[in-house]
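Spelled out, the chains give:
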Amino acid sequence: MKKRVFSGIRPTGRIHLGNYLGAVQNYVAMQDEYDCIYCVVDIHALTTLEDTHLLKDNVREQMIDLLAAGLDPDKCILFVQSHVPEVTELFTLLGMATPLSWLLRVPTFKEKAKQQPHNVNYGLVGYPVLMTADIVLYKAEAVPVGEDQLPHLELAREIVRRFNDQFGPTFPEPKGKLTSFPMVVGLDGRDKMSKSLNNHIELAATPEETMKKVMSAVTDPARRLRSDPGHPEVCNIYKLQKHFSPAIVDEIASECQSASRGCVDCKKQLGAAINEYLAPLRARRAEIAADQAYIDKVIKEGAEKARAIARVTMVEVKQKMGLL
Ligand code: AMP
Ligand code: TRP
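All residue numbers refer to position in the chain's written sequence, counted from 1. Chain A is the first chain written and ligand 1 is the first ligand written, with later ones labelled in order. In keeping with the predicted nature of the model, local features appear solely for residues at pLDDT of at least 70, side-chain atom pairs appear and are counted solely at 80 or more, and the whole-chain, interface and lining totals rest on all residues. Side-chain measures here rest on the full set of heavy atoms in the structure, leaving out hydrogens and waters.

Peer 1: What is the right way to look at the packing of aromatic side chains in this model?
Peer 2: Given two aromatic rings, their pairing is described by the distance between the two centres and the angle made by the two planes. Here the aromatic set is Phe, Tyr and Trp, taking the six-membered ring for Trp, and pairing holds for ring centres within 6.5 Å; pairs whose planes are under 30 degrees apart are stacked, those over 60 apart are edge-to-face, and all others are tilted. For the coordinates displayed, the defined rule picks out seven aromatic pairs. Ring centres of Tyr20 and Tyr277 lie 6.3 Å apart, and the angle between their planes is 75°; this geometry places the pair in the edge-to-face category. On the criterion of sequence distance, the pair formed by Tyr20 in helix α1 (residues 17–30) and Tyr277 in helix α12 (residues 263–289) is long-range, its members being 257 residues apart. Note on classification: 1.4 Å probe, protein chains only; a residue is buried when its accessible area is under 20% of the maximum for its type, exposed when over 50%, partly exposed between these limits. Exposure remark for Tyr20: the relative accessible area of 9% places this residue in the buried category. Secondary structure is summarised from DSSP: a helix means a run of H or I of at least four residues, a strand means a run of E of at least two, and numbering begins at the N terminus for each.

See the structure below:
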């Protein structure tokens, strides 16, 4: 039997290069070899969203991005988290096997509690339990994610171990699967690329928007004058060049070090390389977005397929926990 793979992505906006390079490119690569299930996690988004009027549209935009990036509904299951309500049932039951102290020390919980002190909701502290429920509902073993999610996966493994010890072997311990670019720094050159910091480039951005964003990016801070030699190893733009201009990356490094290449020229060339790389994806995206009936069908069929698996797991879980 093929190994089961699961991952989730929050519908906080459109997919950006950080999501793509850190996780989504693996979603696509893994669907040929494994039994893959991917989910737009709208319930998770509610832990931080107060204004939810854009949520439904964002779920759809994200679906379109995932399809455009190369997910094929004939090869993988692609669905929306809230369309499979069994996950909330499993979330509740796993909650009984998760010590509160484990959740209170999760770094992302502490961070979020600081960012939204007026909204430290119960869902926020339960976030990793819901994430564990997502994964183990399908008994997934591998989870393609960016580096930032590894602490959550560590906790998922602890919850699984505890559940299996208490109720008998039920779930495999899920392991993270990283890409070669597990942490993409934003255009500010400082923090993780993310929509909330507005230091990102969306896959669906126009070529002009993309170029404008790249031109605004921070490069090697020690290079003040055009004639100063650069340090590619500390430059975020150079890291992106490694991915988007692999054929000339050595040349870029030596030209930067000898100051024969300036940052402005380097960014212009990177912007063009990103646009060239994303052109087929953007063309596919426009085609998919024009076919609303197809998107509806993918979403509906994905939920049906996921639900059929989820129901079986829930019977087993309830039996093991003494409910059935
Ligand atoms: P999120 O938008 O937080 O739901 O992230 C979806 C996926 O993209 C997760 O697997 C994240 O780990 C990954 N991801 C998000 N931002 C980045 C980044 N800047 N670098 C690498 N991976 C990322
Ligand atoms: N917490 C993940 C993020 O912020 C999203 C997520 C929810 C997820 N459920 C998951 C990732 C299950 C992997 C597996 O990106």
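Peer 1: Looking at this model, I keep getting lost on the nonpolar core. Mind explaining?
Peer 2: Across soluble globular proteins, nonpolar side chains have a tendency to be buried as a group. Definition used in this section: a nonpolar core is a set of buried Ala, Val, Leu, Ile, Met, Phe, Trp, Tyr and Cys residues joined via side-chain atoms within 4.5 Å. Ranked by internal contacts, the top residues of the largest apolar core, which has 54 residues, are Tyr38 and Leu66. Domain borders in the structure are assigned automatically or taken from a domain database. In this structure, this core is formed jointly by two domains, domain 1 (4–184 + 292–320) and domain 2 (207–286), each of which donates at least three residues. The contact criterion used is simple: two residues touch if any of their non-hydrogen atoms lie within 4.5 Å. Those residues in contact with Leu66 that sit more than four places away from it in its chain are Ile9, Ile15, Val24, Tyr27, Val40, Leu71 and Leu78. Core analysis: the second largest hydrophobic core is formed by 41 residues, Cys39, Val41, Ala97 and Val136 among them.

Peer 1: Mind showing me how you'd approach the site of ligand 2 here?
Peer 2: Residues in close proximity to ligand 2 total 13 residues, the closest being Arg10, Tyr127, Met131, Asp134 and Gln149. What qualifies as a polar contact is a pair of N or O atoms within 3.5 Å, subject to a donor-acceptor requirement within protein and to the restriction that residues adjacent in sequence count only when both atoms come from side chains. Contacts to ligand 2 include Arg10, whose side-chain N or O atom sits 3.2 Å from an oxygen atom. At 2.9 Å from a nitrogen atom of ligand 2 is found a side-chain nitrogen or oxygen belonging to Gln149. Out of a free accessible area of 370 Å², ligand 2 has 92% covered by protein chains. Elements that contribute at least two residues to the shell around ligand 2 include exactly β1 (4–9) and α7 (122–136). In these notes, residues near a molecule or strand are those with any non-hydrogen atom within 4 Å of it. Values of accessible area rely on a 1.4 Å probe in the Shrake-Rupley scheme; residue burial ignores everything except the protein chains shown.

Peer 1: Can you help me understand the side chain of Gln31 in this one?
Peer 2: Among the secondary structure elements, Gln31 is positioned in the loop between α1 and β2 (35–40). The exposure class assigned to Gln31 is buried, which follows from its relative accessible area of 4%.

Peer 1: Help me out: how do you make sense of unusual backbone geometry in this one?
Peer 2: In this model, Lys139 sits at a positive phi of 50°, which is unusual for a non-glycine residue. Inspection of the secondary structure assignment puts Lys139 in the loop between α7 and β4 (142–144). Within the chain, Ala259 stands out as a residue other than glycine whose phi angle is a positive 65°.

Peer 1: It is not clear to me how the site of ligand 1 should be interpreted in this structure. Could you clarify?
Peer 2: Around ligand 1 there are 16 residues in total, and Arg10, Gly146, Asp148, Val184 and Met193 lie nearest to it. The side chain of Asp148 places a nitrogen or oxygen atom 2.5 Å from an oxygen atom of ligand 1. With four residues, α1 is the single largest residue contributor to the shell around ligand 1. Looking at the shell around ligand 1, its residues break down into seven nonpolar, six polar and three charged. We call Asp, Glu, Lys and Arg charged. Ala, Val, Leu, Ile, Met, Phe, Trp, Tyr, Cys and Pro are nonpolar, and the rest, Gly among them, are polar.

It is worth stressing that arrangement in space is one thing and function is another; only the former is reported here.
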